[in-house]
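Tertiary structure, described
These are the residues of each chain, in order.
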Amino acid sequence: MRREKGKRKGERRADAGDSKGKGDSAEMRGCEGRHAAALRALIAAVLAVCALPLAAQMSVSHPGRKSTALKMDEASLIVNSELQQDVLVSWLSDHCFQCLFQPLGLVPAQPIPGTPSSAAFVLSSQHPLTLQLNSSTGNQELCRVAFHFGEQGNYSLWVKNDNESVRASCSIVTDKEPVNSYLPILVAVLVYAGLCILVAAGRTVMGLDVVRNLCCLGNTMEMDRLVNSELGSPSRTVDSSYELPATPPTPSTRLRSLDTFRGLALVIMIFVNYGGGRYWFFRHESWNGLTVADLVFPWFVFIMGTSIALSLNSALRRGSRRSGILGKALWRSVQLFVLGVLVINPNYCQGPLSWDTLRIPGVLQRLSISYLAVVALHLMRFGTRTDGQDSDGRWSSLQDILPYWPAWLCVVVLETIWLCLTFLLPVPDCPLGYLGPGGIGDFGQYPNCTGGAAGLIDRWLLGEKHIYQTPSSRVLYQSQMPYDPEGVLGSINSVVMAFLGLQAGKIIFHFKDQHSKIMSRFAIWGFILGIISAILTKCSKEYGFIPVNKNLWSLSYITTLSCFAFVILFFVYYTVDVVKFWSGAPFFYPGMNSILVYVGHEVFQSYFPFRWKMWNSQSHAEHLTQNLVATSIWVLISYLLYRKKIFWKI
């Protein structure tokens, strides 16, 4: 009896405690709501510009049913069924090409006539989805609905009998409007645009004679030095030192447009590597297609090839031996490769490296291979003239191509090897020439064929444990095989990409100070590569001969990105080095110290101030704020290093 009384007392206390806890919880939520605006204002004050997107994403309470706690890129769906049978709900992302429907859950039959049964589900809001409802007994399709759910929105799917058909009638109702998850991006763009306008206006005002005299009290020479510093006086002469790209001793001897383009690619790379606000288009594409994250690495390879052309031609003009140049390039490539292995295997901070799971391929490794190969190809120049001028005036318009025909022949051979291995190498249990993601793609027929020949070669040469274990295809296509996007076979096309960048450098070298000829050739090469890409892809994402694919580094991928690179270089060269409308800031500074900035952002990405604990880790706004702050800090670091004339050479 005492135990029963004690138990009842304990239950009453628990009920009272629950009621009190609910009251406290409501009070806390009220306090949080009252202080939310103050917190956002404080964040904006501390983080200045980059924190402003944080205030752009706020959820608004709506009357109605109780909201489900949702994460980023998620929506809540309640399926209400008035059918007298169990209903199986399946889903399929429109972004998943030729995929199988995946089971979502079961909605029980209507328990009482007039009272619908219901089941709650959480869905992805990144891409449009197709929902399929089947009867659980005969697996007969009852209805199919295509809908793009909004982030953190609440929806209801009503399933009713259709008296005129054996199928059911389905309709989706929005119970709670989704949040605008893209508003922080708009705020960030406006803030950075405003900063650029303020800086430009400030420089204009400081350049006025009245202001200069007031500030410097007649010391005009000092003000001239400040106003006409490297921030606003770009240099456009060709690099005269043979160094690894982006590591010069004297900034005044470089084409600013090349460092600006390299810095632009590097800044975007840092931003997407840090998370890109957790937006799907700032991450790598699952398989075929392009996102922002898929653009930057090939551009970095391209501009490396451009710098190689200028550096090598300058070294040859100074009388350097080709064997000596090749030896230096080999040593630099080895250094880059070893550095890359250390960067992508950070367990050395916690003890000895684990050789059993050591990943071998990586970004710096790919750069080192491409660098060495392109240096060797460029040294194959037919002839001995190194002054940038062709002796025969009849062929002067092709002086950037004809003397290098042995290198072009090698590139054709390399690309032929890639095509033969990709489309003719037999892969066990896979169709010949398979380019798919495996998993549930291709209707689940080839689940272990991720990457086709490229995946097979990596697993055969390097071993499954020494390549990337979580490829981008794992999330959407649910592939289980390890696959490395920086693998062996893709390195061939990386060399070709760098060689196309080398061609841009040869154009600049052979047509020095002839801006119209340089820009016209950039435009012609961009047009030719664009036509090749259109033919290879049939202007489609999935149905081309060779789809654009970053994981495979497919031929159409490098022609498409090279086309973009020539077009961007056209505009950057014109604005920075021809009309000098833009100094290249702020991208110029990380472009001058690219290796240091890249390695630094990889090593310190988990440390403050590049990362901190968030109030709401399921907010795009907070992630975007953090990633923009981290990226801006690296730009600031590169600027300070530039002012101190500190450049990291390899």
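Owing to the predicted nature of the structure, the values given are computational and were not obtained by experimental measurement. (Residues numbered from 1 in each chain as written. Predicted model: local features only at pLDDT ≥ 70, side-chain atom pairs only at ≥ 80, totals over all residues. Heavy atoms only, no water.)

Turning our eyes to something else, we now look at the overall build of the protein. Looking only at helices and strands, the protein has 17 helices and eight strands in total. Relative to its 650 residues, the protein shows a buried fraction of 47%. Pairs at least 24 apart in sequence give 71% of the contacts found in the protein among residues at least 6 apart. Total accessible area on the protein stands at roughly 31400 Å², and carbon and sulfur atoms take up 63% of it. (Helix = DSSP H or I, 4+ residues; strand = E, 2+ residues; numbered from the N terminus. Buried < 20%, exposed > 50% of the residue type's maximum accessible area, 1.4 Å probe, protein only. Contact = heavy atoms within 4.5 Å. Areas by Shrake-Rupley, 256 points an atom, 1.4 Å probe, with all protein chains shown as cover.)

Here we take up the pattern of salt bridges. Two side chains carrying opposite charge are able to pair once their charged atoms lie near each other. The tally for this structure, following the rule as stated, stands at five salt bridges. Close ionic contact of arginine 359 with aspartate 484 constitutes a salt bridge, the shortest N to O distance being 2.9 Å. Residue arginine 359 is located in the loop between α7 (322-344) and α8 (363-378), and its partner aspartate 484 is located in the loop between α11 (473-476) and α12 (488-510); the two are separated by 125 residues in the primary sequence. For the residue pair arginine 359 and aspartate 484, the accessibility class agrees, reading buried in each case. Residues glutamate 486 and arginine 359 are paired through a salt bridge, measuring 3.0 Å at the closest nitrogen-oxygen approach. (Salt bridge = Lys/Arg side-chain N within 4 Å of Asp/Glu carboxyl O.)

All told, the structure shown has 32 aromatic pairs when counted by the stated rule. Ring centres of tryptophan 418 and phenylalanine 423 lie 6.5 Å apart, and the angle between their planes is 85 degrees; this geometry places the pair in the edge-to-face category. Residue classification places tryptophan 418 among the buried residues on the basis of a relative accessible area of 2%. The partly exposed category is assigned to phenylalanine 423, whose relative accessible area is 25%. The rings of Phe302, Trp408, Phe499, Phe522, Trp525, Phe566 and Tyr573 are connected pair by pair, giving a single aromatic cluster. It is arginine 366 that lies over the ring of tryptophan 553; its NZ or CZ is 5.0 Å from the centre. (Phe/Tyr/Trp six-rings, centres within 6.5 Å; stacked < 30°, edge-to-face > 60°. Lys NZ or Arg CZ within 6 Å of the ring centre and 35° of its normal.)

What follows deals with the state of the cysteines. If you walk through the whole model with that rule in mind, you get three disulfides. Bridging cysteine 96 to cysteine 99, the disulfide has an S-S length of 1.8 Å. Taking the torsion about the S-S bond as the criterion, the cysteine 96 to cysteine 99 disulfide, at about -70 degrees, is left-handed. Its relative accessible area of 7% is what places cysteine 96 among the buried residues. Between the sulfur atoms of cysteine 143 and its disulfide partner cysteine 170 the distance amounts to 1.8 Å. (Disulfide = S-S within 2.5 Å.)

Its 24 residues place the ends of helix α17 (residues 620-643) 35 Å apart at the C-alpha level, agreeing with the 34 Å of an ideal helix rising 1.5 Å per residue. With 17 of its 24 residues buried, α17 lies for the most part within the structure. Sitting at the head of α17, serine 619 places a side-chain oxygen 3.2 Å from the backbone nitrogen of alanine 621. Following α17 by one or two positions, lysine 645 adopts a phi angle in the positive range, close to 60 degrees. (Expected span 1.5 Å × (residues − 1). Polar contact = N/O pair within 3.5 Å; in protein donor to acceptor, adjacent residues only side chain to side chain.)

This next bit is on the packing of α8 against α12. Two numbers describe how α8 lies on α12: the axes approach to 9 Å, and their chain directions differ by 50 degrees. Here α8 lies oblique to α12, going by the angle between them. The crossing of α8 and α12 is right-handed. Facing Arg366, Ile369, Ser370, Ala373, Val374, Leu377 and His378 of α8, the residues of α12 in contact are Gly490, Ser491, Ser494, Val495, Ala498, Phe499, Leu502 and Lys506. Taken together, the residues of the contact of α8 with α12 sort by class into eight nonpolar, five polar and two charged. (Axes fitted to C-alpha atoms, helices over the stretch in contact; angles between N-to-C directions. Parallel < 35°, antiparallel > 145°, perpendicular 65-115°, else oblique. Left-handed = near helix turned anticlockwise from the far one by under 90°. Nonpolar A, V, L, I, M, F, W, Y, C, P; charged D, E, K, R; others polar.)

Turning our attention to the pairing of strand β5 (residues 129-135). The element β5 is largely enclosed, with a buried count of seven among its seven residues. Side chains of β5 alternate between two faces, with Leu129, Leu131, Leu133 and Ser135 and Thr130, Gln132 and Asn134 buried alike. As paired elements, strand β2 (residues 87-93) and β5 share seven bridges and run antiparallel to each other. Bridging from a neighbouring strand, leucine 88 pairs with asparagine 134 of β5. (Pairing = 2+ DSSP bridges.)

Okay, the pairing of strand β7 (residues 154-161) next. Sheet topology places strand β1 (residues 74-81) next to β7; six bridges connect them, and they run parallel. Paired with leucine 77 across the strands is tyrosine 155, a residue of β7. With eight bridges joining them, β7 and strand β8 (residues 168-176) adopt antiparallel strand pairing. When the sheet's bridge partners are listed, lysine 160 is paired in β8 with serine 169.

To continue, consider the nonpolar core. Core analysis: the biggest nonpolar cluster contains 91 residues, and Phe302, Ile308, Leu364, Leu367, Val375, Phe522 and Leu569 have the highest contact counts within it. Here this core gets 14 residues from one element, more than from any other, and that element is helix α6 (residues 296-317). One finds Val107, Leu123, Leu131 and Leu157 within the second-largest nonpolar core, a separate group that totals 21 residues. (Core = buried A, V, L, I, M, F, W, Y, C linked by side-chain atoms within 4.5 Å.)

Right, let's get into the sheet that holds strand β4 (residues 117-124). On the basis of which strands lie adjacent, the open sheet formed by four strands has the order β4-β1-β7-β8 and mixed pairing. In the strand order of this sheet, the two ends are held by β4 and β8, each with one partner. This sheet shows a mean twist of 25 degrees between the axes of neighbouring strands, independent of strand direction.

Right, let's talk about unusual backbone geometry for a bit. For the bond running from alanine 585 to proline 586, omega is 0 degrees, close enough to zero to count as cis. Mapped onto the secondary structure, proline 586 falls in the loop between α14 (555-578) and α15 (588-592). With an omega dihedral of 10 degrees, the bond running from phenylalanine 608 to proline 609 counts as a cis peptide bond. Inspection of the secondary structure puts proline 609 in the loop between α16 (594-603) and α17. Although it is not a glycine, glutamine 98 adopts a positive phi angle of roughly 50 degrees. Structurally, glutamine 98 is set in the loop between β2 and β3 (102-107). Since its relative accessible area comes to 30%, glutamine 98 is described here as partly exposed. The backbone of cysteine 539 sits at a positive phi, close to 55 degrees, despite the residue not being glycine. In this structure, cysteine 539 sits in the loop between α13 (515-537) and α14.

With that settled, the discussion passes to a nonpolar patch on the surface. On the surface, Ile524, Phe527, Ile528, Ile531, Ile532, Ile535 and Phe545 cluster together to form a nonpolar patch covering roughly 690 Å² of accessible area. The topology assignment puts isoleucine 528 in helix α13. (Patch = residues over 30% accessible without salt bridge, like charges linked within 9 Å, V, L, I, M, F, W, Y side chains within 5 Å.)

Coordinates in, geometry out; function isn't part of it.
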